[in-house]
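Residues per chain are reported as follows:
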Amino acid sequence: MALSPYVQAMQELFRANTRSREFPAHGAKVHSVAWSCCGRRLASGSFDKTASVFLLEKDRLVKENNYRGHGDSVDQLCWHPSNPDLFVTASGDKTIRIWDVRTTKCIATVNTKGENINICWSPDGQTIAVGNKDDVVTFIDAKTHRSKAEEQFKFEVNEISWNNDNNMFFLTNGNGCINILSYPELKPIQSINAHPSNCICIKFDPMGKYFATGSADALVSLWDVDELVCVRCFSRLDWPVRTLSFSHDGKMLASASEDHFIDIAEVETGEKLWEVQCESPTFTVAWHPKRPLLAFACDDKDGKYDSSREAGTVKLFGASLLLGVGECLISVGRGKEMAPLLASLAVLQPLAQLCVLLSGQKTLLAPRHRPRVGWGDE
């Protein structure tokens, strides 16, 4: 079976950028990473009770600030869906904190009833949902910082998420089910038996076509958003799937577990596109919101001085420099057909050229002469 042009192009891109870069972030393991909506900043949350924010500059992450205030582990964080300056952290200290990178300060602390383990921000930016270890999900008004609603569930709640349309709320649970509630009414709509064992994580693709779930059965399931049916499964991992992320164009899905690699699949075919090699289990993955650049964090140890000391690093894999869309010269017989794909790749390689093999033809991306810019500098 011939590989799709997209898979061929991305494999060439990753082949030219095989090395993962790592950056010191925390004094203990990193639980969560997330990009701001513009892609200029990456935030990380750690067992060391802090959050860190990095600026993406060319091919590296530069630490901007460290955010202290939580009294326990920061288990998950997320950014405002449209404001690139605000992010929120969920902690085991029974609080969530909203931070503003412009002032580097906590602008709100909201007390909750339990130890918080997951959090998400609604697509319209108006509500924050936080889940705790007692399977209570609290919905907090993002402006007043007050609780709008609270739901106690009779099953183990794992990850939570709104759909892209903001009118349904999804939960994965310990029985292998996906529970769907109407929003804002929070009335049960459907319970889907998705996996035979614990359903751990859930992510929606940016295009609104699919969502994916990861389970303790080591499977990733891909679901049609409108029909709520499973369209395919990805089965290359051997351990429970801990974390998922769709690429900015919705065409790639990264999944990770205790396996010492991150699986990158083409969404539409399920084909293996790439493996990112790791030396330890992976806790969290997050694709950049505009480019084929993956942030992730593993359970690495600092072997230089103490083999038991957690390294607390954040890593990047993928293309790290770019040309603006349309700032490449495309010369190919199928130019009109392939132009959108090539424009989406528009990646500046070390020699300023990328040859992509498409249906037996070589396509040269020849950049115009201008200074290189980082992903977040558009």
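Presented here is an overview of the structure given in this document. (Residues numbered from 1 in each chain as written. Predicted model: local features only at pLDDT ≥ 70, side-chain atom pairs only at ≥ 80, totals over all residues. Heavy atoms only, no water.)

**Considerations on the overall build of the protein chain**
Right, on to step 1. Within the protein chain one finds two helices and 33 strands.
Right, on to step 2. When the 378 residues of the protein chain are sorted by exposure, 57% land in the buried category.
Right, on to step 3. Taking as baseline every contact in the protein chain between residues at least 6 positions apart, the subset at least 24 positions apart corresponds to 47%.
Right, on to step 4. Approximately 16,100 Å² of the protein chain is accessible, and the part contributed by carbon and sulfur atoms is 48%. (Helix = DSSP H or I, 4+ residues; strand = E, 2+ residues; numbered from the N terminus. Buried < 20%, exposed > 50% of the residue type's maximum accessible area, 1.4 Å probe, protein only. Contact = heavy atoms within 4.5 Å. Areas by Shrake-Rupley, 256 points an atom, 1.4 Å probe, with all protein chains shown as cover.)

**Re the side chain of Ser 215**
Right, on to step 1. Residue position: Ser 215 is located in strand E19 (residues 210-215).
Right, on to step 2. One polar contact links the side chain of Ser 215 to the main-chain carbonyl oxygen of Asn 198, over a distance of 2.9 Å.
Right, on to step 3. Once residues within four sequence positions are removed from consideration, Ser 215 is found in contact with His 195, Ser 197, Asn 198, Cys 199, Ile 200, Pro 240 and Val 241. (Polar contact = N/O pair within 3.5 Å; in protein donor to acceptor, adjacent residues only side chain to side chain.)

**Some words on the pattern of salt bridges**
Right, on to step 1. Tallied over the full model, the rule gives 15 salt bridges.
Right, on to step 2. A salt bridge links Lys 29 to Glu 310, with the nearest nitrogen and oxygen atoms 3.8 Å apart. Taken together, the positions of Lys 29 in the loop between strand E1 (21-24) and strand E2 (30-35) and Glu 310 in the loop between strand E27 (293-298) and strand E28 (313-318) put the pair 281 residues apart, joining distant regions of the chain.
Right, on to step 3. For Asp 300, the salt bridge is made with Lys 315, and the minimal N-O distance between the two is 2.5 Å. Here Asp 300 is found in the loop between E27 and E28, whereas its partner Lys 315 is found in strand E28, with 15 residues between them in sequence.
Right, on to step 4. With a relative accessible area of 10%, Asp 300 lands in the buried category.
Right, on to step 5. One network of salt bridges, in which partners are shared, links Glu 22, Asp 300 and Lys 315. (Salt bridge = Lys/Arg side-chain N within 4 Å of Asp/Glu carboxyl O.)

**Brief notes about the side chain of Thr 138**
Right, on to step 1. Turning to its location among the elements, Thr 138 is positioned in strand E12 (residues 136-141).
Right, on to step 2. Residue Thr 138 is classed as buried on the basis of its relative accessible area, which comes to 7%.
Right, on to step 3. Excluding residues that lie within four positions of it along the chain, Thr 138 makes contacts with Ile 128, Ala 129, Val 130, Ser 147, Ala 149 and Glu 150.

**Some details on the packing of aromatic side chains**
Right, on to step 1. Inspection of the entire model under this criterion finds 17 aromatic pairs.
Right, on to step 2. Look at Tyr 67 and Trp 99: their rings are 5.4 Å apart centre to centre, the planes differ by 70°, and that puts the pair in the edge-to-face class. Remark: Trp 99 occurs in strand E8 (residues 95-100) and Tyr 67 occurs in strand E5 (residues 60-67); sequence separation between them is 32 residues.
Right, on to step 3. Members of the aromatic cluster, each reached through a chain of ring pairs, are Phe 14, Trp 274, Trp 287 and Phe 317. (Phe/Tyr/Trp six-rings, centres within 6.5 Å; stacked < 30°, edge-to-face > 60°.)

**A closer look at the nonpolar core**
Right, on to step 1. Among the nonpolar cores identified, the biggest contains 21 residues, and Phe 14, Met 252, Ile 262, Ile 264, Leu 273 and Phe 296 are the most heavily contacted of them.
Right, on to step 2. Looking at this core, the elements with two or more residues in it are helix H1 (5-15), strand E23 (252-256), strand E24 (261-266), strand E25 (272-277), strand E26 (282-287) and E27.
Right, on to step 3. Each residue touching Phe 296, except ones within four places of it in the same chain, is listed here: Ser 20, Val 33, Ile 262, Val 276, Cys 278, Thr 282, Thr 284, Val 285, Val 314, Lys 315, Leu 316 and Phe 317.
Right, on to step 4. Ala 25, Phe 54, Ala 297 and Leu 316 belong to the second-largest nonpolar core, a separate cluster that totals 15 residues. (Core = buried A, V, L, I, M, F, W, Y, C linked by side-chain atoms within 4.5 Å.)

**A short note on the pairing of strand E20 (residues 220-224)**
Right, on to step 1. Across the five residues that make up E20, a large majority, five, are buried.
Right, on to step 2. Pairing of E19 with E20, which is carried by five bridges, proceeds in the antiparallel orientation. Paired with Phe 211 across the two strands is Trp 223, which belongs to E20.
Right, on to step 3. Linking two consecutive strands that pair antiparallel, namely E19 and E20, is a turn of four residues; a positive phi of about 70° is found at Ala 218 within it.
Right, on to step 4. One ladder, built from four bridges, connects E20 with strand E21 (residues 230-234); its direction is antiparallel. In the sheet register, Trp 223 faces E21, and the bridge partner there is Cys 230.
Right, on to step 5. Linking E20 to E21, which pair antiparallel, is a turn of five residues; within it Leu 228 sits at a positive phi near 55°. (Pairing = 2+ DSSP bridges.)

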